[in-house]
Amino acid sequence: DTAADAISATVRYQVHQALWQLPAEQREAITLMDLCGFTAAEVSALTGAPRGTILSRVHRGHKRLAALLDQQGVTPGDA
């Protein structure tokens, strides 16, 4: 469906833009864990940050990302 593809592309763009508004450490942790599939322990080894710090960055990044997307009117079901 062309309309659904256009909406999906728009949502992907909004998520991408919101992700780049996060602090670098949060963006990196989210990217490595959520998009690349690494575990917190693996991200810890890659970055040199403690595992708990990685989990905190991901949690806080998710909250901030959700708030940014909410400001743009993107809901979880849109993606």
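The preceding data block contains the structure.
Let me begin by describing the structure that accompanies this report. Treat the numbers as computed from the prediction; the structure is a model and nothing was measured.

1. Digging into the overall build of the protein
At step 1: When you go through the protein residue by residue, the secondary structure sums to four helices and zero strands.
At step 2: Along the first, second and third principal axes, the C-alpha set of the protein runs to 45 × 25 × 15 Å.
At step 3: Expressed as a percentage of its 79 residues, the buried residues of the protein come to 27%.
At step 4: Pairs at least 24 residues apart make up 53% of the contacts formed inside the protein by residues separated by at least 6 positions.
At step 5: For the protein, the accessible area works out to roughly 5,200 Å², and carbon and sulfur atoms hold 56% of it.
At step 6: One finds the centroid of the 7 positive side-chain charges in the protein at a distance of 11 Å from the centroid of its 8 negative side-chain charges.

2. Description of the packing of helix H2 (residues 24-35) against helix H4 (residues 51-71)
When two helices pack together, their arrangement is given by the angle between the helix axes and by the axis-to-axis distance.
At step 1: Close contact between H2 and H4 brings their axes to 8 Å; oriented N to C, the two are set at 100°. On the basis of their axis angle, the class for H2 and H4 is roughly perpendicular. Between H2, through Glu-25, Gln-26, Ala-29, Ile-30, Met-33 and Asp-34, and H4, the contact on the second element is made entirely by Ile-54, Leu-55, Arg-57, Val-58, Arg-60, Gly-61, His-62 and Arg-64.

3. Thoughts on H4
At step 1: An ideal rise of 1.5 Å per residue puts 30 Å on 21 residues; H4 measures up with 30 Å between its terminal C-alpha atoms.
At step 2: Taken residue by residue, H4 has Ile-54, Val-58, Gly-61, Leu-65, Leu-68 and Leu-69 as its buried positions. Looking down the long axis of H4, one finds its buried residues gathered within 100° of arc, a one-sided arrangement. In H4, the exposed residues that point more than 90 degrees away from the buried face are Arg-60, Lys-63, Asp-70 and Gln-71.
At step 3: Looking one or two places after H4, you find Gly-73, whose phi comes out positive at around 85°.

Definitions and cut-offs
Residues numbered from 1 in each chain as written. Predicted model: local features only at pLDDT ≥ 70, side-chain atom pairs only at ≥ 80, totals over all residues. Heavy atoms only, no water. Helix = DSSP H or I, 4+ residues; strand = E, 2+ residues; numbered from the N terminus. Buried < 20%, exposed > 50% of the residue type's maximum accessible area, 1.4 Å probe, protein only. Contact = heavy atoms within 4.5 Å. Areas by Shrake-Rupley, 256 points an atom, 1.4 Å probe, with all protein chains shown as cover. Lys, Arg positive; Asp, Glu negative; His and termini not counted. Charge placed at Lys NZ, Arg CZ, Asp CG, Glu CD. Axes fitted to C-alpha atoms, helices over the stretch in contact; angles between N-to-C directions. Parallel < 35°, antiparallel > 145°, perpendicular 65-115°, else oblique. Expected span 1.5 Å × (residues − 1). Arc of directions from axis to C-beta.

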